[in-house]
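Chain by chain, the residues run as shown.
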Amino acid sequence: MDEQNEKLEASDIVVQNKFTRWFENFWYHYKWHTIFISFFVFVFAVCFVQCATTERSDAIVVYAGGYTLSASEAEEIAKAMTGVMPANEDGSGNSTGLNPFSIYTEKELTAMYRYTDEDTGEEKMDSYAYSSAKAVNQDHISSFSDFLMTGTSSVWLVSEAVYDTAEDDLTREIEPDGLSLIQKERLVPLAELGVSADLAYDAYAVRLADTAFYQYYEVMQLLPEDTLLVFSRSMVVGAVADEEIYEMHRQLFLGIVNFQPK
């Protein structure tokens, strides 16, 4: 009996050692592969759950300019814009979402991270914070540019700098040179939309601060006064490729421009 127990125990030890050696060998050769795969599986699972549980808006407005909106501020602005969305034939309402990108000019970034030394009274720059903010700013510029190509939105709120300046020049204090980040050929002229010339910044853009919508809703005044409102043409891809969704965006744009408080 003791001899059988000894054999069983010895057998268990051999199996355990084989598994341990296999695992150690596997981990040695495939450690980083396993870590990377596990990371992407986790990220995909989180994104899938978020997409599955997040209520989708009927129309999306994008903002790009010199103000960083908090999640609650973006939600309140979206609620204000939802108020001018047309109702469906069955009387049900449509919702609006806001996708914000904070994009600052070089002058704005410099002002944000310049300070006066309390001991010497000398004006200095927080170089580390400035460099970090500039890198984030460049990421936002690229992300915003990529977002415009997805065809998710046709109603854009942009600062004058974003509207008038070439992407490569946004963080340099020089005159615009080359293609603008907002390509004018993608925009619908205000004349085609029946918008009054009194509100026009130029042939394509409305100055948001001049609208009754901006003046009536206090939350809209979080956006800087240089914010412009433009409407883009539909695309062959994305949500606005759908005629019904594109028309919904057009009605939202006109609802903001023509808003009059009751």
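Residues numbered from 1 in each chain as written. Predicted model: local features only at pLDDT ≥ 70, side-chain atom pairs only at ≥ 80, totals over all residues. Heavy atoms only, no water.

J.: Residue-level account of the overall build of the chain, with values.
T.: When helices and strands are tallied, the chain shows eight helices and seven strands. Sorting the 262 residues of the chain into buried and exposed places 34% on the buried side. Across the chain, the fraction of contacts at a sequence separation of at least 24, relative to all contacts at a separation of at least 6, is 66%. Of the roughly 16,400 Å² of accessible surface on the chain, a fraction of 54% belongs to carbon and sulfur atoms. (Helix = DSSP H or I, 4+ residues; strand = E, 2+ residues; numbered from the N terminus. Buried < 20%, exposed > 50% of the residue type's maximum accessible area, 1.4 Å probe, protein only. Contact = heavy atoms within 4.5 Å. Areas by Shrake-Rupley, 256 points an atom, 1.4 Å probe, with all protein chains shown as cover.)

J.: Could you give an account of the packing of aromatic side chains, with specific residues and numbers?
T.: Here the structure, examined in full by the defined rule, presents 10 aromatic pairs. Arranged with centres 5.5 Å apart and planes meeting at 50°, the rings of Y216 and F259 form a pair that is tilted. Here Y216, found in helix α7 (residues 212-216), pairs with F259, found in the segment after α8 (243-257); they are 43 residues apart in sequence, far enough to count as distant. Taking relative accessible area as the criterion, F259 reaches 12% and is therefore assigned buried. Relative to F253, the ring of F231 lies with its centre 5.6 Å away and its plane at 40°, an arrangement referred to as tilted. (Phe/Tyr/Trp six-rings, centres within 6.5 Å; stacked < 30°, edge-to-face > 60°.)

J.: Give a detailed account of the sheet that holds strand β1 (residues 59-65), specifying residues and quantitative values.
T.: Taken in spatial order, the five strands make up an open sheet running β2-β1-β5-β7-β6, and their pairing is mixed. Edge positions in the sheet fall to β2 (96-102) and β6 (206-207), since each of these pairs with one other strand and no more. In terms of strand pairing, β6 meets strand β7 (residues 228-231) through two bridges, oriented antiparallel. If you follow V206 over to β7, its bridge partner there is L229. Contacting β1, β2 and β5 (155-158), helix α4 (residues 127-148) crosses the sheet at an angle of about 140° to β2. Contacting β1, β2, β5, β6 and β7, α8 crosses the sheet at an angle of about 150° to β7. (Pairing = 2+ DSSP bridges. Axes fitted to C-alpha atoms, helices over the stretch in contact; angles between N-to-C directions.)

J.: Break down the pattern of salt bridges for me, with residues and values.
T.: Across all of its chains, the model carries seven salt bridges by this definition. Here K124 ties to D117 by a salt bridge, and the two come within 3.0 Å at their closest N and O atoms. For D117, a relative accessible area of 15% corresponds to the buried category. (Salt bridge = Lys/Arg side-chain N within 4 Å of Asp/Glu carboxyl O.)

J.: How would you explain the pairing of β7 if you had to name every residue and give the values?
T.: Burial along β7 is two-sided: the face carrying L228 and V230 and the face carrying L229 and F231 are both buried. Relative to β7, β5 runs antiparallel, the two being bridged by four bridges. Residue pairing across strands places L157 opposite L229, the latter belonging to β7.

J.: Can you lay out the nonpolar core for me, pointing to particular residues and giving the numbers?
T.: In this structure, L98, L252 and F253 are the most contacted members of the largest nonpolar core, which totals 38 residues. Considering each element in turn, this core owes the most residues, seven residues, to α8. Look past the residues within four positions of F253 in its chain and what remains in contact with it is V155, L190, L193, V195, L229, V230 and F231. Among the nonpolar cores identified, the runner-up in size contains 19 residues, and L148, W156, L181 and V230 belong to it. (Core = buried A, V, L, I, M, F, W, Y, C linked by side-chain atoms within 4.5 Å.)

J.: If you had to explain the pairing of β2 to someone new, which residues and values would you point to?
T.: Counted residue by residue, β2 has five buried out of seven residues, so it is predominantly covered. Across seven bridges, the pairing between β1 and β2 is parallel. In the strand pairing of β2, G65 is matched with S102.

J.: Which residues make up the confidence of the model for the chain, and what values do they have?
T.: Per-residue confidence for the chain gives a mean pLDDT of 80; residues scoring 70 or more make up 71%. pLDDT under 50 marks residues 171-179. Its contacts with residues more than four places away, or in other chains, come to 20 contacts. (pLDDT = per-residue confidence, 0-100.)

J.: Any chance you could break down α8 for me, citing the residues and the numbers?
T.: Counted at 1.5 Å a residue, the expected span for α8 with its 15 residues is 21 Å, and the 21 Å between its end C-alpha atoms agrees. Within α8, burial applies to Y246, M248, H249, L252, F253, L254, G255, I256 and V257. (Expected span 1.5 Å × (residues − 1).)

J.: I'd like a rundown of the side chain of S159, residues and numbers included.
T.: Its place among the elements puts S159 in the loop between β5 and α5 (160-164). A relative accessible area of 4% places S159 in the buried class. A distance of 3.2 Å separates a polar side-chain atom of S159 from the backbone nitrogen of V162. Excluding its chain neighbours within four sequence positions, the residues that come into contact with S159 are A64, G65, G66, D226 and T227. (Polar contact = N/O pair within 3.5 Å; in protein donor to acceptor, adjacent residues only side chain to side chain.)

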